[in-house]
Amino acid sequence: MIVVLVTEALVFVLVVAGILAERPRALMLTAVAGAAALAVPAAVPRVRATLARAFDEHRVVALVGGAVGALALPFALRGSPYWTFVATLALLYVTIGQGLNLQIGTAGLINLAGAAFAGIGGYTVGLLTVSAAWPPWLAVMVAPLVAVAVGTVLFVPILKTRGHYLALVTIAFVFIFNVLMNNFEFTGGPQGIKNIPTLTLFGHRFTTAPRLLGVALPAHANFYCACLLVATVTTIITRRLHDSWLGLALNTLRDDEIAARCCGISITRAKITAFCVGNFFIGLGGALYAVMVGFVSPPDFDFGYSLVMLSVIIIGGVDSIPGVVLGACLLVPLPERFRFLHEYRLLLYGLVIVLMLLYRPAGLWPAGVRRYR
Amino acid sequence: MSLLETRGLTVRFEGLVALADVDVAVGEGETVGVIGPNGSGKTTLFNALTGLYRPAGGDIVFRGTSVAGVEPHLIARLGMARTFQSSRLCLQLSVFDNVLAGMIAARRTGVLEAVVWRDRARAEMREALARATHLLGLFNPDLPARGWERVGRLPQIDRRRVEICRALAAAPALLLLDEPSAGMSPEETRELMKDLQIVRDERPGLSIVIIEHDMFVIEGVSARVIALNYGRKIAEGSFAAVVAHPLVREAYLGQERTHA
């Protein structure tokens, strides 16, 4: 138990230090410490086994500890509204990544239209709140359903094509979505939709900075907590789905469609279920993004974001639920951290993905064996 | 009435006739062997029976309903399970996952139970895992202990067993085995014979159709043998009668030359 708590505390300190270290020397020091913290369990099997056993035995403690750490993060970042925003963005990517992972990782449906479905969620919130004056909460709840409904136009390619061909169809879908959003009058064209009203909870507006336990937090801490809740619930749901008959059916048809059909699995039903559930969470992520940022426009949902979503899954671990969380928490803040490299950071980003695919194709946290727990 | 019956079953690929007018009947609890040279249509017969190929003519009646042209997963749910000549296991998934895949069609809990009301889903999973453990243990007492390992790490003979377990997990009425001894050494083939006897003992009412090239296996397990050549049924009867049949001898050995 102590091992679990100490490990989690160490990770928390490293994360906070990594984010807040400003001077090059402090940053270098944290980078070295972080690399060492990763290298030790990677290189010494005994450490790895001890950690794995400890976390396996004290799952509840580990989860509670993780929750405390996640809730404590806005307090640690209270001086920096910007980093609170980035952390919130990472949580949105967890939500989106889990939905996308159900499609890409579990079912093998290469959906590169993630940005479009997030965009449908975001635009729905924008249209419903600004044009139709719906309450934001209601709009955020309806938006994922709209994403699922629009997704039905892709049912035919989902069922009739696979692999690269499906990827091409979904890429086309993102571009069509962007062209439409740029040209439709009612979506504001290239200007997008501005002044999307923010969420309110018991009269507390999410744009006002909260005071919690006597500590003044940046306004984005509101969204941080909301997105943390959503990301947690999403992760729990997708994990339970993954460890159920549905997850098994999807894995089986991903690996061998003919064998799956001869096992009595309805390919049509399984693929459509995975696609719709995935789009729901992707749309939910987009909807929360819209109320958080307060405006949506076509470039917020272009193909590049589909690739970021895909990288979250590849870096984290295809079909790995914890991998998606790790991938999102690394991939969203890290490029921000290296902003001082200016344009070179994109080069670095590409390099990291190439190296990952070469040396660790299963991801940083590869999918384990389904345990049915 | 027989469990499975085909009448004039015909399968065509473009112009090529892969199966022509094949009549096959399998009774309950019966084991039927299918032999024939390469390309004679044995696997095509299985693919047509399981719905992977749509018959161009004729009918397939399984458990009293016509299943010609029916989707494979619906035929499977009627109680037809099969193995494949070249193993079609999901090598990335665990041994248990592969066996449980056979039970998906008969699941009683859905998505809601998996996410919200979990007690029933968990109870069902526990029961399913217990059944998988039992099935694996029948063939090799060491297999259940390796249940959480990925199938790709098992030797060939154990993979074949897992595939048979996956088929049996669906509690089928008819089991189609497509050349189970393919790629096996003579010792492994003897092991396989024992495994087939285990299947027989475990499920006495199960009907089995087995494709085999190994005549030793066919002779050992099947009461009745059907011989195919060029997509046609050329002989049917006891093993001894079929292998002695002139058309069968001709199909395997070629035409006897008459010396003038």
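None of the values given here were measured: they were computed from a predicted structure.

K.L.:
I tried to follow the overall build of chain B on my own but got confused; where do I start?
P.N.:
Summing up its helical and strand segments, chain B has ten helices and ten strands in all. Relative to the 2.2 N^0.38 estimate, which gives 18 Å for 260 residues, the radius of gyration of chain B is 20 Å and therefore close to what a compact globule would have. If one aligns the C-alpha atoms of chain B with their principal axes, the spans along those axes are about 80 × 40 × 35 Å. With 260 residues in all, chain B has 45% of them scored as buried. For chain B, the proportion of contacts with a sequence separation of at least 24, taken over those separated by at least 6, is 67%.

K.L.:
It is not clear to me how the sheet that holds strand E7 (residues 174-178) of chain B should be interpreted in this structure. Could you clarify?
P.N.:
Residues and elements named next belong to chain B. One open sheet holds the six strands; their spatial order is E6-E7-E8-E3-E9-E10, and the pairing between them is mixed. Two strands bound the open sheet, and with one partner strand each, they are strand E6 (80-82) and strand E10 (232-237). Each neighbouring strand pair of the sheet contributes to a mean axis angle of 20°, computed without reference to strand direction. In this sheet, strand E9 (residues 224-229) lies alongside strand E3 (residues 31-35) in parallel orientation, the contact comprising four bridges. The residue bridging valine 34 from the neighbouring strand is isoleucine 226, located in E9. Across the sheet, helix H1 (residues 42-49) is in contact with E3, E6, E7, strand E8 (207-211) and E9; its angle to E7 comes to roughly 145°.

K.L.:
Sorry if this is basic, but what is going on with the interface of chain B and chain A here?
P.N.:
Interface size is commonly expressed as the accessible area that is lost once the parts come together. Opposite the 29 residues of chain B that make contact, chain A presents 23 residues. Broken down by secondary-structure element, the contributors of at least two residues to the side of chain B that touches chain A are helix H2 (72-77), helix H3 (95-101), helix H4 (111-115) and helix H5 (118-139) of chain B. Residues that form the side of chain B that touches chain A fall into these classes: 17 nonpolar, five polar and seven charged.

K.L.:
Explain the packing of helix H6 (residues 114-131) of chain A against helix H13 (residues 267-293) of chain A here, please?
P.N.:
Residues and elements named next belong to chain A. Where H6 contacts H13, the two axes come as close as 7 Å, and the packing angle between them is 50°. On the basis of their axis angle, the class for H6 and H13 is oblique. The element H6 and its partner H13 pack so that their crossing is right-handed. Contact residues: Gly114, Phe117, Ala118, Gly119, Ile120, Gly121, Gly122, Thr124, Val125 and Gly126 in H6; Asn279, Ile282, Gly283, Leu284, Gly285, Gly286, Ala287, Tyr289, Ala290 and Val291 in H13. Split into classes, the residues belonging to the contact of H6 with H13 amount to ten nonpolar, ten polar and no charged.

K.L.:
Teacher, can you tell me more about unusual backbone geometry here?
P.N.:
As a rule of thumb, non-glycine residues mostly have phi less than zero, and peptide bonds are mostly trans rather than cis. All names here are of chain B. Notably, glutamate 14 is not glycine yet its phi reads approximately 50°, a positive angle. When you line up the elements, glutamate 14 lands in the loop between strand E1 (4-13) and strand E2 (16-26). The phi dihedral of aspartate 21 falls on the positive side, at around 55°, and the residue is not glycine. Relative to the elements of secondary structure, aspartate 21 occurs in strand E2.

K.L.:
It is not clear to me how the sheet that holds E2 of chain B should be interpreted in this structure. Could you clarify?
P.N.:
Strand pairing in a sheet relies on backbone hydrogen bonds. The paired strands run either parallel or antiparallel. Residues and elements named next belong to chain B. The antiparallel open sheet is built from four strands, whose spatial order is E2-E1-E4-E5. What marks the edges here is a single partner per strand, and that holds for E2 and strand E5 (65-66). Of the strand pairs in this sheet, E1 and E2 are connected by seven bridges, and their pairing is antiparallel. The partner of valine 11 across the bridge, within E2, is leucine 19. Relative to the sheet, H1 contacts E1, E2 and strand E4 (57-62), its axis offset from that of E2 by approximately 70°.

K.L.:
What am I meant to see in the domain arrangement of chain B here?
P.N.:
Residues and elements named next belong to chain B. As far as domains go, chain B holds domain 1 (1-79 + 172-260) and domain 2 (95-171). For domain 1 versus domain 2, the distance between C-alpha centres works out to 27 Å. On the domain 2 side, the residues contacting the 15 residues of domain 1 number twelve residues. Mapped onto the side of domain 1 that touches domain 2, the elements with two or more residues apiece are H2 and helix H7 (186-202). The element best represented in the side of domain 1 that touches domain 2 is H7, accounting for seven residues. Classifying every residue of the side of domain 1 that touches domain 2 gives eight nonpolar, one polar and six charged.

K.L.:
Sorry if this is basic, but what is going on with the confidence of the model for chain B here?
P.N.:
As a general rule, the predicted coordinates of low-pLDDT regions are not to be interpreted in detail. In this model, chain B carries an average pLDDT of 93, and 98% of its residues clear a pLDDT of 70 or more. This complex was scored by the predictor with a pTM of 0.92 and an ipTM of 0.93.

K.L.:
What am I meant to see in the packing of helix H14 (residues 303-316) of chain A against helix H15 (residues 321-331) of chain A here?
P.N.:
If you want to describe how two helices pack, look at the angle between their axes and the distance between the axes. Residue and element names in this part refer to chain A. H15 packs onto H14 with a crossing angle of 120° between their chain directions and a minimal axis gap of 7 Å. On the basis of the axis angle, H14 is oblique to H15. As for how H14 packs across H15, the hand of that crossing is right-handed. Across the interface between the two elements, Val308, Ser311, Val312, Ile313, Ile315 and Gly316 of H14 pack against Gly323, Val324, Leu326, Gly327, Ala328, Leu330 and Leu331 of H15. Tallied by class, the residues present in the contact of H14 with H15 amount to nine nonpolar, four polar and no charged.

K.L.:
Help me understand the domain arrangement of chain A in this model?
P.N.:
Residues and elements named next belong to chain A. Here the domain parsing of chain A yields domain 1 (1-76) and domain 2 (82-302). Opposite the five residues of domain 1 that make contact, domain 2 presents eight residues. Sort the elements by how many residues they give to the side of domain 1 that touches domain 2 and helix H4 (residues 59-76) lands first, with four residues. For the side of domain 1 that touches domain 2, a count of residues per class yields five nonpolar, no polar and no charged.

K.L.:
I tried to follow H7 of chain B on my own but got confused; where do I start?
P.N.:
Residues spaced three or four apart along an α-helix face the same direction, because each turn holds 3.6 residues. Residue and element names in this part refer to chain B. For H7, spanning 17 residues, the distance from its first C-alpha to its last is 24 Å, which sits close to the expected 24 Å at 1.5 Å a residue. Burial in H7 covers these residues: Leu192, Leu196 and Val199. One face of H7 carries all of its buried residues, which in axial projection span an arc of 55°. Among the exposed residues of H7, those pointing more than 90 degrees away from its buried face are Glu187, Lys194, Gln197 and Asp201.

K.L.:
Teacher, can you tell me more about the nonpolar core here?
P.N.:
Within soluble globular proteins, side chains that are nonpolar generally end up buried alongside one another. Core analysis: the biggest nonpolar cluster contains 178 residues, and Ala249, Cys263, Leu288 and Ala328 of chain A together with Val99 of chain B have the highest contact counts within it. The biggest single contributor to this core is H13 of chain A, with 14 residues. Sequence-distant contacts of alanine 249 of chain A, that is, excluding residues within four places in its chain, are made with Ala260, Ile265 and Ala270 of chain A together with Ile104 of chain B.

About the criteria used
- Residues numbered from 1 in each chain as written.
- Chains lettered and ligands numbered in written order.
- Predicted model: local features only at pLDDT ≥ 70, side-chain atom pairs only at ≥ 80, totals over all residues.
- Helix = DSSP H or I, 4+ residues; strand = E, 2+ residues; numbered from the N terminus.
- Rg over C-alpha atoms; globule rule 2.2 N^0.38 Å.
- Buried ≥ 20, exposed ≤ 12 C-beta atoms within 10 Å, placed from the backbone.
- Contact = placed C-beta atoms within 7 Å.
- Pairing = 2+ DSSP bridges.
- Axes fitted to C-alpha atoms, helices over the stretch in contact; angles between N-to-C directions.
- Nonpolar A, V, L, I, M, F, W, Y, C, P; charged D, E, K, R; others polar.
- Parallel < 35°, antiparallel > 145°, perpendicular 65-115°, else oblique.
- Left-handed = near helix turned anticlockwise from the far one by under 90°.
- Domains from an automatic or database assignment.
- pLDDT = per-residue confidence, 0-100.
- Expected span 1.5 Å × (residues − 1).
- Arc of directions from axis to C-beta.
- Core = buried A, V, L, I, M, F, W, Y, C linked by C-beta atoms within 7 Å.

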